[in-house]
Amino acid sequence: MNTQPKHVAIIMDGNGRWAQKLGKKRVVGHSRGAKTVREIVEEAVRHQIEYLTLFAFSKENWNRPKDEVNILMKLLVSSLKKEFRRLTENNIKLCAVGDLNTLPELVKEELLFVIEKTKNNSGMVLTLALNYGGKEEIVAAVKAISIKVKNSIISPEKVDESTINEHLYTRNLPPVDLLIRTSGEERISNFLLWHIAYAELYFTKTLWPDFTKEDLQKALLNYGKRERRFGKTSEQLTF
Ligand code: FPP
């Protein structure tokens, strides 16, 4: 059976519904969701998870009402400012994946500042997927490789899995071992398509603002009971 997952990825879903259930505005849910992020990051460190990747804002999220998008962006900036010290105390290295160039200037500035300041930390790698879309990431990689093929930097016969991997936003991340999605929805929503090829999927009905460290422990325990065969048979794994 498995031990600890090296790379855990989370689709933090259900902020809006959490707030609506309490008769509050959706943004109240995002704000409570940011608090959950802090608790779960610290719990992941305690479990010695090496890589934690959080889906913070998808390419498709731009289609939400303008006010909600603005508040999410403000929340990101304030969380980065607030959490910077705690990231350092926990020896966490912050990274980001996605189309970062088109993020609002203020978000980009704060993000790049924290990434730079934490780049030599040697503990958990915390990656925020921001303005991220899995299909778009693959398209960008194919484009970059095509240009290299056209300019004879890469020969077409040499293109293999590692060539594609090296051109993804997520090139520095190992494959995802455990993908968690909260809120009862059971889909991938264009998250880390390449890296989840053999991920174990864990769905819970708990809404993200209610997701606790005990819930993370439960997901990790459940992962520990899974048999990961990577295409082989059970017998091959035993002998
Ligand atoms: C999904 O809930 C959540 C998001 C689109 C954003 C996630 C953002 C946070 C948890 C807050 C800040 C993040 C960081 C990294 C500090 P939803 O709005 O889709 O919920 P719903 O499905 O109930 O509507």
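Refer to the preceding data block for the structure.
Analysis parameters
Residues numbered from 1 in each chain as written. Predicted model: local features only at pLDDT ≥ 70, side-chain atom pairs only at ≥ 80, totals over all residues. Heavy atoms only, no water. Core = buried A, V, L, I, M, F, W, Y, C linked by side-chain atoms within 4.5 Å. Buried < 20%, exposed > 50% of the residue type's maximum accessible area, 1.4 Å probe, protein only. Helix = DSSP H or I, 4+ residues; strand = E, 2+ residues; numbered from the N terminus. Contact = heavy atoms within 4.5 Å. Pairing = 2+ DSSP bridges. Axes fitted to C-alpha atoms, helices over the stretch in contact; angles between N-to-C directions. 1 Å grid on protein atoms, 1.4 Å probe; cavity = no way out; pocket = protein on both sides within 12 Å on 5 of 7 lines; lining within 4 Å. Points joined across faces, edges and corners; volume = space filled by probe spheres on them. Nonpolar A, V, L, I, M, F, W, Y, C, P; charged D, E, K, R; others polar.

Would you mind going over the nonpolar core in detail, with residue names and values included?
One finds Ile10, Leu52, Leu111, Leu126 and Ile180 to be the most contacted residues of the largest nonpolar core, which totals 38 residues. By residue number, the principal contributor to this core is helix α3 (residues 66-89), which donates 7 residues. When near neighbours in sequence (up to four residues on either side) are disregarded, Ile180 contacts Val8, Ala9, Ile10, Ile11, Tyr202, Phe211, Leu216 and Ala219. Counting 12 residues, the second-largest nonpolar core is a separate cluster that includes Ala9, Phe55, Val97 and Tyr132.

Could you give an account of the pairing of strand β2 (residues 51-58), with specific residues and numbers?
Most of β2 sits inside the fold, with 7 of its 8 residues counted as buried. Sheet topology note: the strand β1 (residues 7-11)/β2 ladder contains 5 bridges and is parallel. Within β2, the residue paired with Ile11 across the bridge is Phe55. Relative to strand β4 (residues 125-132), β2 runs parallel, the two being bridged by 7 bridges. Each bridged residue has a counterpart across the sheet, and for Phe55 the counterpart in β4 is Ala129.

Give a description of the sheet that holds β2 that names residues and reports values.
Pairing within the open sheet is parallel, and its 6 strands lie in the order β3-β4-β2-β1-β5-β6. Bordering the open sheet on either side are β3 (93-97) and β6 (200-203), each of which pairs with just one other strand. For this sheet, the mean angle separating the axes of adjacent strands, direction not counted, is 20°. The sheet contact formed by strand β5 (residues 178-181) and β6 spans 4 bridges and is parallel. What sits directly across from Ile180, in β6, is Tyr202. Sitting on the sheet, helix α2 (residues 26-46) is in contact with β1, β2 and β4, with an inclination near 160° to β2.

Got a sec to walk through the layout of surface pockets? Specific residues and values, please.
Counted as a void, the largest pocket has a volume near 970 Å³. Along the wall of the largest pocket there are 44 residues; nearest its centre are Met12, Asn15, Val37, Phe55 and Ala56. Those elements that place two or more of their residues in the lining of the largest pocket are α1 (15-21), α2, β2, α3 and β4. Looking at the lining of the largest pocket residue by residue, the classes come out as 19 nonpolar, 13 polar and 12 charged. The space that makes up the second largest pocket amounts to roughly 330 Å³. Around the second largest pocket, the lining is made up of 17 residues, and of these Cys95, Ala96, Val97, Tyr169 and Asn172 lie nearest the centre. For the lining of the second largest pocket, the secondary-structure elements that each account for two or more residues are β3 and β4. Per-element tally for the lining of the second largest pocket: the top contributor is β3, with 5 residues. For the lining of the second largest pocket, the class distribution of residues is 10 nonpolar, 4 polar and 3 charged.

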